[in-house]
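Topology and contacts: notes
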Amino acid sequence: MGALTGKVALITGGASGIGAACAVRFAREGADIVIADLQPGDDAVARVEAEGRRAVYVQVDTTSQEDTDRMLQVTVDTFGRLDVAVASAGVTVAGAPQERVERVEKDTFHVHNLDPAIFRRVIDINVTGVMLTGQAAARQMLKQGSGGSIINIASSAAKIPLAGASPYCVSKAGVHMLTKVMALELAKTGIRVNAVGPGYTTTPMWDVPEDSPAHAQAMSITPMGRNGTPEEQAAACFFLATDESSFMTGQMLHPAGGQFTG
C-alpha cells in the first residue's frame with residue numbers, strides 16, 4: 001500500500017521533466033495518473049504503466065479554458081474523481097540552449113530590449129495556465145466534497161531576480177501569490193494549495209552546457225554546486241500530495257540546493 005493508493009492525480013506538463021517525474025513517483029505510490037501536455041505523452045504513460053498503475057494522456061493547451069475543462073472531464077470520465085493536481089506546464093523566455101546562454105552573455109532579453117509579445121506569452125502560459133488548471137481542479141474537488149491537494153510548480157526565480165529573465169521571474173512570482181490566494185480561499189474546504197519552487201534542475205527547460213556562462217552563473221547562487229534532478233522535485237511534490245502535509249497550505253517548498261540559506 002502506497003501513500004497515494006486509490007488516488008487520482010492530474011499532472012500538466014506531465015510528458016517530460018518534473019511533471020513526468022511526478023507521474024512516475026505518484027504511480028509508484030499507488031495513484032492513477034492523467035498526463036496532460038501539448039507534447040506527446042506516450043513515454044510518460046508507459047512509465048506509469050510500468051509501475052503497475054493506469055494512465056491516460058490528454059493533449060491540452062493550459063491557456064485555454066476549453067482545453068482545461070476538457071482535461072478535467074477526461075479525468076473524471078476515466079477515473080471517476082480527482083484527488084491531486086500538479087500544475088507543472090511552463091516555459092522560460094527562450095527555448096533553445098544557445099538562446100539561454102546568450103541571455104546571460106548579452107542583453108537581448110533585458111526589459112529595455114524585450115519584445116512585449118514574449119512577456120505576454122510567458123505570463124499567459126505560466127500564470128494563466130496555472131490559474132485555469134487550479135480552477136478546474138478546485139471545482140471538481142469541491143463537487144466531490146472530500147478535499148484534495150493542488151500543487152503549483154513555481155521556481156526559486158519567484159524570489160530571485162535574474163537578469164534577462166523578467167517574464168519568467170515575474171510569472172513565477174505570480175504563481176507564488178496565486179498559490180497563497182487560492183489556499184486562503186479554499187482553506188476551510190479541505191483543499192490544500194501549495195507550491196514547489198525548484199532551483200536549477202536538469203530538465204528540457206534547463207539543459208545548458210556545464211562550461212557555459214549561464215551554468216556558471218547558476219552555480220554561483222547554488223551553494224550545493226550542482227543541478228537538482230526531476231526526481232528530487234517530484235519528492236517535494238509527493239510530500240505535498242500526501243496526508244503527511246495535511247496541516248500545510250499556502251506554502252512554497254524550495255528544493256533549490258541551498259539558494260535560500262542566506
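Each remark here, short or long, concerns the structure printed above.
The structure contained in this document is the topic of the report that follows. (Residues numbered from 1 in each chain as written. Predicted model: local features only at pLDDT ≥ 70, side-chain atom pairs only at ≥ 80, totals over all residues. Heavy atoms only, no water.)

Section: the overall build of the protein
Our working rule: Each helix is a run of DSSP H or I of at least 4 residues and each strand a run of E of at least 2, with the numbering of both proceeding from the N terminus. We take the radius of gyration over the C-alpha atoms and set the globule estimate at 2.2 Å times the residue count to the 0.38 power. We call two residues in contact whenever any of their non-hydrogen atoms come within 4.5 Å of each other. Computed by Shrake-Rupley with a 1.4 Å probe, the accessible areas treat only the displayed protein chains as cover when residues are assessed.
Regarding its fold elements, the protein presents eight helices and seven strands. For 262 residues, the compact-globule estimate of 2.2 N^0.38 gives 18 Å, and the C-alpha radius of gyration of the protein, at 18 Å, lies within 12% of that figure. If you line up the protein on its principal axes, its C-alpha atoms span 50 × 35 × 35 Å. Sequence separation of at least 24 residues holds for 69% of the intrachain contacts in the protein that already meet a minimum separation of 6. A total accessible area of about 11600 Å² is found for the protein, and carbon and sulfur atoms account for 54% of it.

Comments concerning the packing of aromatic side chains
What counts, and what does not: Planes of paired rings set the category: under 30 degrees apart is stacked, over 60 is edge-to-face and the rest tilted, where pairs are Phe, Tyr or Trp rings (Trp by its six-membered ring) whose centres lie within 6.5 Å. A ring has a charge above it when a Lys NZ or an Arg CZ is no more than 6 Å from the ring centre and no more than 35 degrees off the ring normal.
Applying the stated criterion across every chain, the model contains one aromatic pair. Geometrically, the ring pair formed by Y200 and W206 is tilted, given 4.7 Å between the ring centres and 45° between the ring planes. Just above the ring of F238 sits the side chain of R25; from NZ or CZ to the centre is 4.3 Å. Over the ring of F260 we find K159, and its NZ or CZ is 5.4 Å from the ring centre.

Focus on the nonpolar core
Rules: The set of buried Ala, Val, Leu, Ile, Met, Phe, Trp, Tyr and Cys residues whose side-chain atoms join them within 4.5 Å is what this entry labels a nonpolar core. A 1.4 Å probe rolled over the protein chains alone gives each residue an accessible area, and that area as a share of the maximum for its type sets the label: buried under 20%, exposed over 50%, partly exposed in between.
The biggest cluster of nonpolar side chains holds 30 residues, and the ones touching the most others in it are I150, M182 and V193. Only β1 (8-12), β2 (32-37), β3 (55-59), α3 (65-79), β4 (84-87), α5 (116-144), α6 (166-186) and β6 (191-196) provide two or more residues apiece to this core. Once you skip the residues sitting within four places of it in the chain, I150 turns out to touch A85, G134, A137, A138, M141, M182, I191, R192, V193 and N194. Grouped together as the second largest cluster of nonpolar side chains are 27 residues, L4, A9, C22 and A241 included.

Overview of the pairing of β2
The test is simple: Pairing between two strands requires that DSSP report at least two bridges joining them. A right-handed crossover is one whose linking path, passing over the helix from the first strand to the second, runs clockwise when the strands point away from the viewer.
With six of six residues buried, β2 is to be regarded as a mostly interior element. With burial as the criterion, each face of β2 is covered, one bearing D32, V34 and A36 and the other bearing I33, I35 and D37. Alignment of β1 against β2, held across five bridges, turns out to be parallel. Each bridged residue has a counterpart across the sheet, and for I11 the counterpart in β2 is I35. Handedness of the β-α-β unit built from β1, helix α1 (residues 17-28) and β2 comes out right-handed. The pairing of β2 with β3 spans five bridges and is classified as parallel. Residue pairing in the sheet places I33 in a bridge with A55 of β3.

Details of the sheet that holds β4
The following threshold applies: Helix axes are fitted only over the stretch in contact, all axes being lines through C-alpha atoms; the angle between N-to-C directions runs from 0 to 180 degrees.
Reading across from one edge, β3-β2-β1-β4-β5-β6-β7 is the order of the seven strands in this open sheet, with parallel pairing throughout. Two strands lie at the open edges of the sheet, namely β3 and β7 (252-253), each paired on one side alone. Looking at chain direction, β4 and strand β5 (residues 148-153) are connected through four bridges and run parallel. Paired with V86 across the two strands is I151, which belongs to β5. Against the sheet, α1 engages β1, β2, β4 and β5, with an angle of about 170° to β1.

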